[in-house]
Amino acid sequence: MITGIVCEFNPFHKGHKYLIDAVKKSEHDAVICCMSGNFVQRGEFAVYDKFKRAETAIENGADLVIELPTVFSTLSAEGFCRAGIQLIEATGVADRIAFGAENDSIDVLSDIADKLNDRSIQAEIANEMKSGISFPKARSNVLKSDILNYPNNILAVEYLKAASLPCFAVQRIGKGHDTDDQEYSASAIRSQLDINEISSICNCETAVLSKLRMMNVEDFKKIADVSEGLENKIEKAVREATSLDELYNLIKSKRYTHSRIRRIILRAYLGIEQIPDEAPYIRILGFNKKGKELLSKMKKTASKPIITKLKDCSEEALPFFIEECRFTDLYNLGYKKPLPCGTEQRAKIIIKQY
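The structure displayed is predicted, hence computed values, not measured ones.

Novice: Explanation requested: the packing of aromatic side chains in the structure shown.
Specialist: Given two aromatic rings, their pairing is described by the distance between the two centres and the angle made by the two planes. In the structure shown here, the tally under the stated rule is ten aromatic pairs. Linked through ring pairs, F39, F45, Y269, Y331 and Y335 together constitute an aromatic cluster.

Novice: Is there a simple way to think about the side chain of S73 in this case?
Specialist: Tracing the backbone through its elements, the reader meets S73 in helix α3 (residues 70-73). Ignoring any residue separated from it by four or fewer positions in sequence, one finds S73 in contact with E8, S36, F39, V40, Q41, L68 and F80.

Novice: Teacher, can you tell me more about the packing of helix α10 (residues 205-213) against helix α13 (residues 244-251) here?
Specialist: Between two packed helices, the angle of one axis relative to the other and the distance separating the axes together describe the packing. In contact at an axis separation of 10 Å, α10 and α13 are set at 45 degrees when each is read in the N-to-C sense. As judged from the angle between their axes, α10 and α13 are oblique. Across the interface between the two elements, E205, V208, L209 and L212 of α10 pack against L244, D245 and L247 of α13. Looking at the contact of α10 with α13 residue by residue, the class counts come to five nonpolar, no polar and two charged.

Novice: I'm lost on the pairing of strand β1 (residues 2-7) in this one. Help?
Specialist: Sheet faces and side chains relate simply in a regular strand, where the side chains alternate between the two faces. Counting buried residues along β1, six of its six residues qualify, which places the element largely inside the surrounding structure. Side chains I2, G4 and V6 project from β1 onto one buried face, and the interleaved T3, I5 and C7 project onto a second face that is buried too. The sheet contact formed by β1 and strand β2 (residues 30-36) spans six bridges and is parallel. Bridging across to β2, I2 finds its partner in A30. Relative to strand β6 (residues 96-101), β1 runs parallel, the two being bridged by two bridges. Within β6, the residue paired with G4 across the bridge is I97.

Novice: Can you help me understand the state of the cysteines in this one?
Specialist: By the definition in use, this model includes zero disulfides. This cysteine, C325, is not joined by any disulfide, and C313 carries the nearest cysteine sulfur, 8.2 Å off.

Novice: Before we go on, may I ask you to explain the pattern of salt bridges in this structure?
Specialist: Any two side chains of opposite charge can pair, given that their charged atoms come close. Taken as a whole, this structure holds 21 salt bridges when the rule is applied. With a closest N to O distance of 3.4 Å, K17 and D21 form a salt bridge. Taken as a pair, K17 and D21 lie in helix α1 (residues 14-23) at a separation of four residues, close to a single helical turn. Each member of the salt-bridge network shares a partner with another, and the members are K50, E67, R283 and E344.

Novice: Would you explain the side chain of D329 in this entry?
Specialist: Relative to the elements of secondary structure, D329 occurs in helix α16 (residues 318-331). Within the structure, D329 has its side chain in polar contact with the backbone nitrogen of G342 (distance 2.9 Å). Contact partners of D329, with chain neighbours within four places excluded, come to C341 and G342.

Novice: Just to check I follow, could you spell out the packing of helix α4 (residues 77-90) against helix α8 (residues 151-162) for this structure?
Specialist: Interaxial distance between α4 and α8 falls to 8 Å at its minimum, and their mutual angle equals 50 degrees. Relative to α8, α4 is oriented oblique. At the point where α4 passes α8, the crossing takes the right-handed sense. Residues A77, E78, F80, C81, R82 and I85 of α4 pack against I154, L155, E158, Y159, K161 and A162 of α8. Among the residues forming the contact of α4 with α8, the class breakdown is eight nonpolar, no polar and four charged.

Novice: Honestly, the nonpolar core in this entry has me stumped. Any pointers?
Specialist: Considering soluble globular proteins, one finds that nonpolar side chains tend to be buried as a cluster. If you look at the biggest cluster of nonpolar residues, it comprises 95 residues, and the most contacted ones within it are L64, F99, L109, L212, I234, L247 and I265. With eight residues, α4 is the largest single contributor of residues to this core. Setting aside residues up to four positions removed in sequence, F99 forms contacts with L19, I106, L109, A156, Y159, L160, C167, F168, A169 and V170. Of all hydrophobic cores here, the second largest spans 21 residues; its members include C33, F51, A62 and L285.

Novice: Explanation requested: the environment of A77 in the structure shown.
Specialist: Mapped onto the elements, A77 comes out in helix α4. Residue class for A77 comes out buried when judged on its relative accessible area of 15%. The spatial distance from the C-alpha of A77 to the C-alpha of S105 is 20 Å, given a sequence separation of 28 residues. Every residue in contact with A77, bar those within four places of it in the chain, is listed here: Q41, I154, L155 and E158.

Novice: Can you help me understand unusual backbone geometry in this one?
Specialist: Negative phi characterises most residues that are not glycine, and trans characterises most peptide bonds. That bond from N10 to P11 is cis: its omega, -5 degrees, falls within 30 degrees of zero. For P11, the location among the structural elements is in the loop between β1 and α1. Positive phi values are uncommon outside glycine, yet F9 reaches one of about 50 degrees. Mapping F9 onto the fold places it in the loop between β1 and α1. For K144, which is not glycine, the phi torsion reads 50 degrees and is therefore positive.

Novice: Can you help me understand helix α6 (residues 119-129) in this one?
Specialist: Taken residue by residue, α6 has I121, I125 and M129 as its buried positions. Angularly, the buried residues of α6 cover 85 degrees about the axis, an arc narrow enough to put them on a single face. Summarising the contacts, the buried residues of α6 are in contact with α5 (106-117) and α7 (135-143).

Definitions and cut-offs
- Residues numbered from 1 in each chain as written.
- Predicted model: local features only at pLDDT ≥ 70, side-chain atom pairs only at ≥ 80, totals over all residues.
- Heavy atoms only, no water.
- Phe/Tyr/Trp six-rings, centres within 6.5 Å; stacked < 30°, edge-to-face > 60°.
- Helix = DSSP H or I, 4+ residues; strand = E, 2+ residues; numbered from the N terminus.
- Contact = heavy atoms within 4.5 Å.
- Axes fitted to C-alpha atoms, helices over the stretch in contact; angles between N-to-C directions.
- Parallel < 35°, antiparallel > 145°, perpendicular 65-115°, else oblique.
- Nonpolar A, V, L, I, M, F, W, Y, C, P; charged D, E, K, R; others polar.
- Buried < 20%, exposed > 50% of the residue type's maximum accessible area, 1.4 Å probe, protein only.
- Pairing = 2+ DSSP bridges.
- Disulfide = S-S within 2.5 Å.
- Salt bridge = Lys/Arg side-chain N within 4 Å of Asp/Glu carboxyl O.
- Polar contact = N/O pair within 3.5 Å; in protein donor to acceptor, adjacent residues only side chain to side chain.
- Left-handed = near helix turned anticlockwise from the far one by under 90°.
- Core = buried A, V, L, I, M, F, W, Y, C linked by side-chain atoms within 4.5 Å.
- Arc of directions from axis to C-beta.

Following this line, the structure appears as C-alpha cells:
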C-alpha cells in the first residue's frame with residue numbers, strides 16, 4: 001500500500017512519526033509526503049529549510065518527499081489541501097491519502113465535506129458573511145457542528161473534498177494543536193527554538209516592512225486573496241505600523257482572521273499575485289531506497305514532469321522554478337545571519353541508502 005500525506009513538518013515531531021508508522025504496517029508499504037517548501041500555511045517562514053525537514057522526514061519513515069510550492073503552501077486550508085492532493089495523485093502510484101485528525105471517523109468527516117460541497121450550503125455561508133463575520137465563523141454558524149473547531153479536522157475535510165483516492169484518518173495524539181505539548185505540538189516546539197538558529201519572519205521584519213511601504217493600494221489589490229476593499233485597510237495600516245505584530249492587529253477584524261492576514265502579508269512580501277490552477281511539475285526533495293523504486297514507477301505513471309533541479313525544467317515550467325528560487329532568496333533573509341542568494345539552485349536532494 002502506497003500512502004500519500006500532505007504535510008509541513010514545521011518542525012517534525014512525535015505525532016508526525018505516529019502518523020507515518022500508523023500507515024506503514026508491512027515492509028511493502030511506502031509513504032509519499034507532499035511537504036510545504038520554505039513557507040508554510042500559517043503565513044510564516046518554515047523554521048528549518050525544506051531540505052533539512054525532508055531529511056528528517058525520511059529518517060523517520062517517509063520514503064519520498066515532494067515539494068508543495070510556495071504559491072500553494074501559503075493559501076488557505078482549501079487551496080493548500082487541494083494543491084497537495086493534486087500533486088500526490090499526479091504521481092500515479094499512490095493508493096490512498098492519509099491524514100491526522102482530532103476526529104478519525106471518515107464517515108463523520110465525509111459528511112461535513114459533502115455539505116461544504118453543496119451549493120446551497122455555500123450560499124448560506126456567503127449570506128452569513130454579509131453580516132461582516134469571517135468565513136470560519138459563518139461556516140460554523142451554518143453547519144452547527146463543532147467538528148471544524150479543530151485545525152486538523154479542518155484540513156481533513158478539505159483533503160476529503162479534493163481527493164479522488166480513498167482516504168484514511170489517524171486519530172491525533174497528544175494534547176492538541178497550539179498547546180504546550182513539547183512532544184506532539186509543532187507550535188509548542190517552535191516556541192522553544194532559539195530564533196538565532198532558525199529562519200523567521202521576525203528576523204527580517206524591517207525588510208518586510210520596507211517592501212510593504214514601497215507598495216500602494218493598487219499593488220496590494222493585486223495580491224491573492226485581497227478583496228472587498230481590504231487593500232485600502234492594508235495600505236493605511238502599513239503607513240502606521242512599526243512592527244509586524246502591530247500591522248497584523250491593525251488589519252485584523254471580525255471579517256479577516258489573523259491567519260488570513262499573515263498569509264496576505266507574506267504573499268505581499270514575496271510578490272505573489274495570481275495563483276495558478278496547479279503546479280507544472282513534481283519536484284523531488286528527497287528519497288530512500290524504497291522511494292527510489294517509487295520514482296522508477298513514477299517515470300511511467302506520473303501525469304506531470306518529475307524534476308530535481310533547474311535543468312530538468314521545460315521552457316514552460318522554467319519561470320515557475322525561477323520564481324521559487326527567488327522566494328528562497330527572500331527566505332534566506334530570515335536567518336539571524338542571512339544567507340546569500342542562489343542556495344536553491346545549489347541545493348542537492350536528500351538521498352538515503354536504506
